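# Results of the structural survey
The chain contents come next:
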Amino acid sequence: MENIMNKTKEIINDFILSIGHFFYNTIIIETGKIGVFFIDSISWWFKKPYRWNEVIYHMEFVGNKSMIIIMLTGGFTGLVFTFQAWVGLSIVNAENLIGPTVGLGITRELGPVLTGLIIAARAGGAMAARLGTMRVTEQIDALEVMGVDAKNYLVAPRILASIISTPLLTAVFDFVALCGGYFLNTYILHLDPAIFLEKTRFFVDPSDINEGLIKAAVFGLFFSTICTYRGYYTKGGAKGVGDATNQGVVASMVSIIIIDYFLTKIIGMFKGHGL
Amino acid sequence: METKEFAVNVEHLRKSFDGKEEVLKGIDLHIEKGKITFIIGFSGTGKSVLLKHLLGVHKATSGDVEVLGHKLSTLNHDQLIEVRKKFGVLFQAAALFDDHSVLENVMFPLNEHRKDLSKAEREQIASSRLKQVGLEEKHYNKLPSEISGGMQKRVGLARAIALNPEIILYDEPTTGLDPIITEMVDNLIIETHKSREGMTSIIVSHDLTAAFRLADYIAMLNAGTVLLYGTPEEFLASDNELVRKFVDKGIHRK
Ligand SMILES: Nc1ncnc2c1ncn2[C@@H]1O[C@H](COP(=O)(O)OP(=O)(O)OP(=O)(O)O)[C@@H](O)[C@H]1O
Ligand SMILES: [Mg+2]
């Protein structure tokens, strides 16, 4: 009996310790390291040699090549969200508020968050894999010994390109999703399109759209920093590259969701409507 | 007796990573200019770590590394880059940029450091380097993944000599290659060495046959120190037990 008690105590002890370790190692130490990596990297935005060609190349990589997925997901998100909004609002005979409900939800939350998640998976994963491969095949060493700083050449342009491209893609997502909503409203639910447009215009402020775009830029910053960091410090061959990609994408996605909450709060404070 | 000129002076070099056990435990090595020096030793004795100190990629925990008269520890970032430009490095797996074509790979260091030249001039230098290592023109626009391992080595070497370096470092240039390509790479090393007056070649290798054939000097590392440094003849004559073991095994394997 006493034996079992002791065992149980031990297990609980270990459990608490491991939570402590997780917090300390993963949250504190890792966040610190990523912070240093980030500052180190973006200091190259302000120092020669500038890498404009790389920035443009990665904007096209992050942006242009994700366009189709973003339009597809945007369109369908608009459709389902409008449908669900109608289900809810029709209970209280408030169908005329479908437009603003969908408009606010998309521009402030779903647009940036879903775009961020999709781009983190697609472009972020590619970044981690690319840098990881370059690390394990000594291409990063080759760069450095040729007198080229890897953070200057590989990391800084990717972060900048992501910060620029993610809001642009979010704008596309927003637009396509609202078109989807309008379509469902008008042709499937047979509600008045004029009311949809009029109410949306009345309730959705440009500042709501901006809020979403600012969030998207922050998401771009986070996923590109996390994924390039993971790739840059890849260890141990092909398996290491797989791990780096996997961890990079998962960490990016989780942090996008978490940051979203805090961003909403912070932006709300500035706009004075709280959460 | 003529006075020797040294390309690399390593004095009392010690290195430990993050306060862990020392990898390099006091290396003294003076590498003569214009010669071919092999660095040999068992796996994990710190050969690659030593190479990275010569390039300033790793910083010494204590001791000094002096390259072509520059003490690396006293240089700032920009000065270090100037010194690195005097090096050519051929990595074990060639380390070609896999999203750049063969020609673009060789042009890369020129694009970075010879902006004074026109694009056509840089292209011309790059293709003359590729000719020097014997790569045919029809491969110039291929990606590294589309050419064989032996060709990748040639391209890697062409890129290493693009800026006309004074010192070339080879990290295990022939490990894992078949005998034919090994001989080809060995011959390239000699030709490249002769292609420039005063060129210093430093080769990390497990291939003792090549070491005895090509080297002016051989340094054997063991457990983070220099066990023996001398001419191939001195190595064959050595009665140090570890040296004998390495030499016998290496020659036996061939
Ligand atoms: N960046 C690093 N951080 C920590 N330890 C390292 C680092 N680089 C090398 N080491 C350690 O230093 C030791 C020597 O490594 P090194 O790569 O120089 O060996 P080597 O002589 O080149 O061996 P091989 O012939 O297998 O290439 C190894 O034990 C390795 O684990
Ligand atoms: Mg090595």
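Everything that follows concerns the structure shown earlier in this document.
Presented here is a report on the structure given in the accompanying data block. (Residues numbered from 1 in each chain as written. Chains lettered and ligands numbered in written order. Predicted model: local features only at pLDDT ≥ 70, side-chain atom pairs only at ≥ 80, totals over all residues. Heavy atoms only, no water.)

Attention shifts here to the packing of helix α4 (residues 98–136) of chain A against helix α6 (residues 150–188) of chain A. Each packed pair of helices is defined by two parameters, the angle between the axes and the distance between the axes. All names here are of chain A. Packing of α4 against α6 brings their axes to within 7 Å, and their N-to-C directions diverge by 145°. Between α4 and α6 the crossing geometry is right-handed. Its residues assigned to classes, the contact of α4 with α6 comprises 16 nonpolar, nine polar and three charged. (Axes fitted to C-alpha atoms, helices over the stretch in contact; angles between N-to-C directions. Helix = DSSP H or I, 4+ residues; strand = E, 2+ residues; numbered from the N terminus. Left-handed = near helix turned anticlockwise from the far one by under 90°. Nonpolar A, V, L, I, M, F, W, Y, C, P; charged D, E, K, R; others polar.)

Bringing the site of ligand 1 into the picture now. Residue and element names in this part refer to chain B. All residues adjacent to ligand 1 are Phe17, Val23, Ser43, Gly44, Thr45, Gly46, Lys47, Ser48, Val49, Glu172 and His206. Within the backbone of Gly46, a nitrogen or oxygen atom sits 3.0 Å from an oxygen atom of ligand 1. In this structure, Ser48 approaches ligand 1 through a side-chain N or O atom, which is 2.7 Å from an oxygen atom. In the complex, the protein chains occlude 58% of the 640 Å² of accessible area that ligand 1 would expose alone. The dominant element in the shell around ligand 1, judged by the number of residues it contributes, is helix α1 (residues 47–54), at three residues. Considering only residue class, the shell around ligand 1 consists of three nonpolar, six polar and two charged. (Near = heavy atom within 4 Å. Polar contact = N/O pair within 3.5 Å; in protein donor to acceptor, adjacent residues only side chain to side chain. Areas by Shrake-Rupley, 256 points an atom, 1.4 Å probe, with all protein chains shown as cover.)

Geometrically, a pair of aromatic rings is defined through the distance of the ring centres and the angle of the planes. All names here are of chain A. Throughout the structure, instances matching the rule amount to 16 aromatic pairs over all chains. Arranged with centres 5.8 Å apart and planes meeting at 40°, the rings of Phe83 and Trp86 form a pair that is tilted. Here Phe83 pairs with Trp86, and both are found in helix α3 (residues 67–91), just three residues apart, close to one helical turn. Its relative accessible area of 38% is what places Phe83 among the partly exposed residues. Ring geometry for Phe183 versus Tyr187: centroids 5.5 Å apart, planes at 45°, classification tilted. One end of the pair, Phe183, and the other, Tyr187, are both in helix α6, four residues apart, so they sit about a helical turn from each other. Each member of the aromatic cluster is reached from another via a ring pair, and the members are Phe37, Tyr229, Tyr232 and Tyr233. It is Arg122 that lies over the ring of Phe61; its NZ or CZ is 5.3 Å from the centre. Across from the ring centre of Tyr232, 4.8 Å away, lies the NZ or CZ of Arg135, which sits over that ring. (Phe/Tyr/Trp six-rings, centres within 6.5 Å; stacked < 30°, edge-to-face > 60°. Buried < 20%, exposed > 50% of the residue type's maximum accessible area, 1.4 Å probe, protein only. Lys NZ or Arg CZ within 6 Å of the ring centre and 35° of its normal.)

Looking now at the sheet that holds strand β5 (residues 70–71) of chain B. All names here are of chain B. Sheet architecture is open: four strands sit in the order β2-β1-β4-β5, paired in antiparallel fashion. The open sheet is flanked by β2 (22–32) and β5, the only strands paired with a single partner. In terms of strand pairing, strand β1 (residues 6–16) meets β2 through eight bridges, oriented antiparallel. Across the sheet, Val10 pairs through a bridge with Leu29, a residue of β2. (Pairing = 2+ DSSP bridges.)

A separate point is the sheet that holds strand β8 (residues 200–204) of chain B. All names here are of chain B. The six strands lie next to each other as β6-β7-β8-β3-β9-β10, forming an open sheet whose pairing is mixed. Two strands lie at the open edges of the sheet, namely β6 (87–90) and β10 (225–230), each paired on one side alone. This sheet shows a mean twist of 15° between the axes of neighbouring strands, independent of strand direction. Relative to β10, strand β9 (residues 217–222) is paired through five bridges, and the arrangement is antiparallel. Note on β10: the bridge partner recorded for Asn222 is Thr225. The strands touched by helix α5 (residues 149–160) are β6 and β7 (167–171); relative to β6, the strand with the most contacts, the crossing angle is about 170°. (Contact = heavy atoms within 4.5 Å.)

Let us look at the pairing of β1 of chain B. Residue and element names in this part refer to chain B. Between β1 and β2, which pair antiparallel in sequence order, lie five residues; one of them, Asp18, sits at a positive phi of approximately 50°. Here five bridges tie β1 to strand β4 (residues 62–67), and the two strands are oriented antiparallel to one another. Within β4, the position partnered with Arg14 by the bridge is Ser62.

A separate point is the packing of helix α3 (residues 102–113) of chain B against α5 of chain B. All names here are of chain B. Axis separation between α3 and α5 bottoms out at 8 Å; the angle between their running directions is 25°. By the angle between their axes, α3 is roughly parallel relative to α5. Where α3 crosses over α5, the two elements pack in a sense that is right-handed. Contacts from Val102, Asn105, Val106 and Pro109 of α3 reach α5 at Val155, Ala158 and Arg159. Within the contact of α3 with α5, the residues separate by chemical class into five nonpolar, one polar and one charged. (Parallel < 35°, antiparallel > 145°, perpendicular 65-115°, else oblique.)

It is worth spelling out the interface of chain B and chain A at this point. Each partner contributes residues to the interface: chain B has 21 residues there, and chain A has 18 residues. Carbon and sulfur atoms supply 57% of the area buried between chain B and chain A, which totals about 1600 Å² over both sides. Seen at the junction of chain B and chain A, the total is four salt bridges. Where chain B meets chain A, there are six residue pairs in polar contact (both at pLDDT 80 or more). At the level of secondary structure, the elements contributing two or more residues to the side of chain B that touches chain A comprise α2 (77–84) and α3 of chain B. Of all the elements, α3 of chain B adds the most residues to the side of chain B that touches chain A, at four residues. Looking at side-chain class alone, the side of chain B that touches chain A contains eleven nonpolar, four polar and six charged residues. (Buried area = accessible area lost by both parts, 1.4 Å probe. Salt bridge = Lys/Arg side-chain N within 4 Å of Asp/Glu carboxyl O.)

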